[in-house]
Number of protein chains: 2
Amino acid sequence: MAKIVECVPNFSEGRNKEVIEKIVDVVRSREGIKLLDYSSDGDHNRTVVTFLGTPQKVEKAIIDMAQKVYENIDMSTHKGAHPRMGALDVVPFIPISDVSMDECVELANRVGMQIASKFKVPVYLYEKAATAPYRENLADIRKGQYEGFFEKIKDDKWSPDYGTPEVNIKGGCVAIGARVSLVAFNVNLGTDNLEIADIIAKRVRNIGGGLRFVKAMGVKIEERNITQVSMNLVNYEKTAVYRAFEMVKMEANRYGVSVVGSEVIGLLPMQALIECAQYYLQIENFSMDQILEKRIWE
Amino acid sequence: MAKIVECVPNFSEGRNKEVIEKIVDVVRSREGIKLLDYSSDGDHNRTVVTFLGTPQKVEKAIIDMAQKVYENIDMSTHKGAHPRMGALDVVPFIPISDVSMDECVELANRVGMQIASKFKVPVYLYEKAATAPYRENLADIRKGQYEGFFEKIKDDKWSPDYGTPEVNIKGGCVAIGARVSLVAFNVNLGTDNLEIADIIAKRVRNIGGGLRFVKAMGVKIEERNITQVSMNLVNYEKTAVYRAFEMVKMEANRYGVSVVGSEVIGLLPMQALIECAQYYLQIENFSMDQILEKRIWE
């Protein structure tokens, strides 16, 4: 199978359709790149793009996209409800298949180095690419936003990982990182009692003493008269989908509430579901190379 | 995702390495074709090749392979333990992804037409490509073998689907068909009593009143001191892996025997395991388009 990396750049333009399309055009019908989705928000004045490809193709694509972003967006006049520190605001790389997290960290470094030298924009590495624990969290890096960075960047603690400690007036700064893929997975409960869904969500999630990589909340599904434990599995390799599912079931048992279904929102890597099949079928010694489709592209 | 068809040609040479390699070379490092496996048996004097590709690439590859087969194998001097009717003996096409069975039947017809006209070899269509129910079963078609076909072919009932009713002395005849992918799936039992494994196998399989598309037998795993229900799931779309698994579990319960594991032998299509995850996680409204890897190649 080809090495595949997902890239989800966020840039600071969500209103001017012409500019948005010009920037997205860089990854549209580009050889070796698959544009999966992009959506703009006018209030946030921000666009999120999702595309895939081999590390090499993704590297070239995001540099070309950065060029279009810096040509077309001026942060000195930018207003928007969403926190942001640059024209190209955040660029995470996510390993999808046959790519290690280390390779995504290297990719983040290569892209960071190029953006700093080509466009004179200071680069901060975050999450798995972070150069210190206090720089892992994107929100901590971005605190103060574009406007605050002219001061913040002079603090040694916040000197950029690539580039000189000088904010690019038009382009701002940018956070580039590597992280695991997120799976949005909701479990439907056979009760209309939101209180029960809330309690279960609290017990299943990390901050409530539950599973390490689960974020969860209770939600009411009015049209079906049921409730739901809505989850984000932020590391499906370490906290597998089946573990989150079984834990919801287990907690629901206490209230005599049954699980009436579940749903996967958006995309997820094949491995996240294959792992569940392996668990429930008790498969021994399985290798992803036994997946026909994987063999075709290896 | 690209349309992918699997092709598993069987040809009547399992001893002469030079000839075998010459024939397999046709699909080795061929652009757009993935050779997954080939194995020869000297006693059977036969080689089985497995390769994949788009319907168009597979069509060209198998015609080129047929040419090499007919150039190098002479049925009038062939001896071997395995039933056979031609130099190129059997050619099944198996839908793997984004290809319907109807497309594989069409492919079998296109290839059959070309082999009959180019090489003057009579062609019989079998399984899903069969032109009559009595021609579905390969064993029924091949009955009498190469030697018997000089008589059999004169019978109107056994006139070929493509080509004239005249056996090609050097090439014999060939069966070309379309069928679903087969999943080899074994369930390990926590007992060394082969009798129990045998009884469960009989209850689970079609001929014993069990699941329609399951073939099964009991097997002893000496080195682990356990037994196994060894199964061939001949239509995983209609009889899903989880149904076979749960039925083994259910029958084993009766003897207080637990399922201690399972194994998938060789390759299987992604969908066969994704379906199991959907079942156990009770996922509603899932689409294979939610699989990231699938989106990349569509």
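What you are looking at is a predicted structure, and each value in this text was computed from that prediction instead of being measured. Each chain carries its own residue numbering, running from 1 in the direction its sequence is written. Labels follow written order: the first chain is A, the first ligand is 1, and so on. The model is predicted, so local features are restricted to residues of pLDDT at least 70 and side-chain atom pairs to those at 80 or more, both for listing and for counting; the totals for chains, interfaces and linings are taken over all residues. Only hydrogens and water are set aside when side-chain values are computed; all heavy atoms of the structure are taken into account.

**Overview of the side chain of Asn186(A)**
All names here are of chain A.
Working step 1: Along the chain, the position of Asn-186 falls in strand S8 (residues 183-189).
Working step 2: Exposure remark for Asn-186: the relative accessible area of 6% places this residue in the buried category.
Working step 3: Here a polar contact is taken to be a pair of N or O atoms separated by no more than 3.5 Å, where protein atoms must pair a possible hydrogen donor with a possible acceptor and residues adjacent in sequence count only if both atoms sit in side chains. A polar side-chain atom of Asn-186 sits 3.0 Å from a polar atom in the side chain of Ser-230.
Working step 4: Here the side chain of Asn-186 touches Met-231 through a polar contact of 3.3 Å, landing on its backbone nitrogen.
Working step 5: A contact between two residues is defined here by any heavy atoms of the two lying within 4.5 Å. Leave out the neighbours within four places in its chain, and Asn-186 touches Gln-228, Val-229, Ser-230, Met-231, Gly-261, Ser-262, Glu-263 and Ile-265. Helical segments are the DSSP runs of H or I of at least four residues, strand segments are the runs of E of at least two, and each set is numbered from the N terminus. Buried, partly exposed and exposed residues are distinguished by accessible area as a fraction of the type maximum, computed with a 1.4 Å probe on protein chains only: under 20%, between the cut-offs, and over 50%, respectively.

**What about the packing of helix H8 (residues 270-280) of chain A against helix H8 (residues 270-280) of chain B?**
Working step 1: A fitted line through C-alpha atoms serves as each axis, taken over the contacting stretch for helices, and the angle formed by two N-to-C directions is quoted from 0 to 180°. H8(B) packs onto H8(A) with a crossing angle of 70° between their chain directions and a minimal axis gap of 8 Å. As summarised for this structure, H8(A) and H8(B) are arranged roughly perpendicular, according to the angle between their axes. Contacts between H8(A) and H8(B) involve Met270(A), Leu273(A), Ile274(A), Cys276(A), Ala277(A) and Tyr280(A) from the first element and Met270(B), Leu273(B), Ile274(B), Cys276(B), Ala277(B) and Tyr280(B) from the second.
Working step 2: Here the nonpolar group is Ala, Val, Leu, Ile, Met, Phe, Trp, Tyr, Cys and Pro; Asp, Glu, Lys and Arg are the charged ones; every other residue, Gly included, is treated as polar. Tallied by class, residues from the contact of H8(A) with H8(B) come to 12 nonpolar, no polar and no charged. When an angle is under 35 degrees it counts as roughly parallel; over 145 it counts as roughly antiparallel; between 65 and 115 it counts as roughly perpendicular; any other value is oblique.

**A few points about the pairing of strand S10 (residues 226-233) of chain A**
Residues and elements named next belong to chain A.
Working step 1: The buried fraction of S10 amounts to seven of the eight residues, a majority that puts the element mostly inside the structure.
Working step 2: As judged from the seven bridges shared by S8 and S10, these two strands associate in the antiparallel manner. The residue of S10 that forms the bridge with Asn-186 is Ser-230.
Working step 3: Pairing analysis gives eight bridges linking strand S9 (residues 214-221) to S10, with the strands arranged antiparallel. Along S10, the bridge assignment pairs Ala-216 with Met-231.
Working step 4: Two strands make a pair as long as DSSP finds a minimum of two bridges between them. Where S9 folds back on S10, the antiparallel hairpin that results is connected by four residues, among which Asn-225 adopts a positive phi of roughly 60°.

**A look at the relation of the copies chain A and chain B**
Working step 1: Copies overlap after least-squares fitting; the atoms used are the C-alpha atoms of residues with pLDDT of at least 70 in both. When chain A is fitted to chain B, the best match, at an RMSD of 0.1 Å, comes from turning it 180° and sliding it 0.1 Å along the axis. Taken together, these values place the two copies in the relation of a two-fold axis. Closest approach to the rotation axis within chain A is made by the C-alpha atom of Ala277(A), at a distance of 2.4 Å.

**Focus: the environment of Ser230(A)**
Residues and elements named next belong to chain A.
Working step 1: Its place among the elements puts Ser-230 in strand S10.
Working step 2: Separated by 33 residues in the primary sequence, Ser-230 and Glu-263 have C-alpha atoms spaced 9.3 Å apart.
Working step 3: Residues in contact with Ser-230, not counting those within four places in the same chain, are Phe-185, Asn-186, Lys-215, Ala-216, Met-217 and Val-219.

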